[in-house]
Amino acid sequence: MSNNQHARRRRHLRVRKRVTGTPERPRLAVFRSNRHISAQIVDDVSGRTLAAASTLESDVRQAGGTSNVEAAARVGRLIAQRAEAVGVKRIVFDRGGNRYHGRVASVADAARESGLEF
């Protein structure tokens, strides 16, 4: 494992110590790879994923690239719509060990603008 991977894993564990999704306020977990970004709304108490969105979906892919800030914003808007459809308005944000910057921040900002409360 490289130093960067090890550092991200340590940051992720540090974040997850404090961030837990509940039925009243589930967790918005963001995963970022070099090509794609995905987001899930998770209730950690019951261990269920309530909503999910990703740049792997065909409607998001057709709108442009998958590894840029605009694609991340599309995922953020989509996850906010799907969260509202299942009755979720307030969430806690789990950045997955990534810095709150670029694509990760774009998902959060778009979700916030679309009506989710952090």
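Summary of the structure given here. As the structure is a prediction and not an experimental result, all values here were calculated from the model. (Residues numbered from 1 in each chain as written. Predicted model: local features only at pLDDT ≥ 70, side-chain atom pairs only at ≥ 80, totals over all residues. Heavy atoms only, no water.)

**A look at the overall build of the chain**
When you go through the chain residue by residue, the secondary structure sums to four helices and four strands. Counting from the amino terminus, helix and strand elements in the chain follow one another as α-β-β-β-α-α-β-α. Taking 118 residues into account, the globule formula puts the C-alpha radius of gyration at 13 Å, and the chain, at 14 Å, falls close to it. Principal axes of the C-alpha set define a box for the chain whose edges measure 40 × 35 × 20 Å. (Helix = DSSP H or I, 4+ residues; strand = E, 2+ residues; numbered from the N terminus. Rg over C-alpha atoms; globule rule 2.2 N^0.38 Å.)

**Quick word on the pattern of salt bridges**
Should their charged atoms come close, side chains of opposite charge can pair. One pass over the structure, following the stated rule, counts seven salt bridges. Residues Asp 44 and Arg 27 are paired through a salt bridge, measuring 2.8 Å at the closest nitrogen-oxygen approach. Placement of Asp 44 in the loop between strand S2 (37-43) and strand S3 (48-54) and of Arg 27 in strand S1 (residues 27-32) is noted, with a sequence separation of 17 residues between them. Glu 57 is the partner of Arg 82 in a salt bridge, and the nearest nitrogen-oxygen pair spans 2.9 Å. In this pair, Arg 82 sits in helix H3 (residues 69-85) while Glu 57 sits in the loop between S3 and helix H2 (58-61), placing the two residues 25 residues apart along the sequence. A residue is classified by how much of its surface remains accessible, and Arg 82, at 28% relative accessible area, is partly exposed. (Salt bridge = Lys/Arg side-chain N within 4 Å of Asp/Glu carboxyl O. Buried < 20%, exposed > 50% of the residue type's maximum accessible area, 1.4 Å probe, protein only.)

**Here's the deal with the packing of aromatic side chains**
According to the stated counting rule, one finds two aromatic pairs in the structure shown. Both rings, one in Phe 93 and one in Phe 118, keep their centres 5.6 Å apart while their planes meet at 40°; by these two values the pair is tilted. Of this pair, Phe 93 sits in strand S4 (residues 92-94) while Phe 118 sits in the segment after helix H4 (102-113), placing them 25 residues apart in sequence. Judged by its relative accessible area of 16%, Phe 93 is buried. Residue Phe 118 is classed as partly exposed on the basis of its relative accessible area, which comes to 28%. Linked through ring pairs, Phe 93, Tyr 100 and Phe 118 together constitute an aromatic cluster. For the cation-ring pair, Arg 112 lies above Phe 118, with the distance from its terminal atom to the ring centre recorded as 4.3 Å. (Phe/Tyr/Trp six-rings, centres within 6.5 Å; stacked < 30°, edge-to-face > 60°. Lys NZ or Arg CZ within 6 Å of the ring centre and 35° of its normal.)

None of this, on its own, says anything about what the molecule does.
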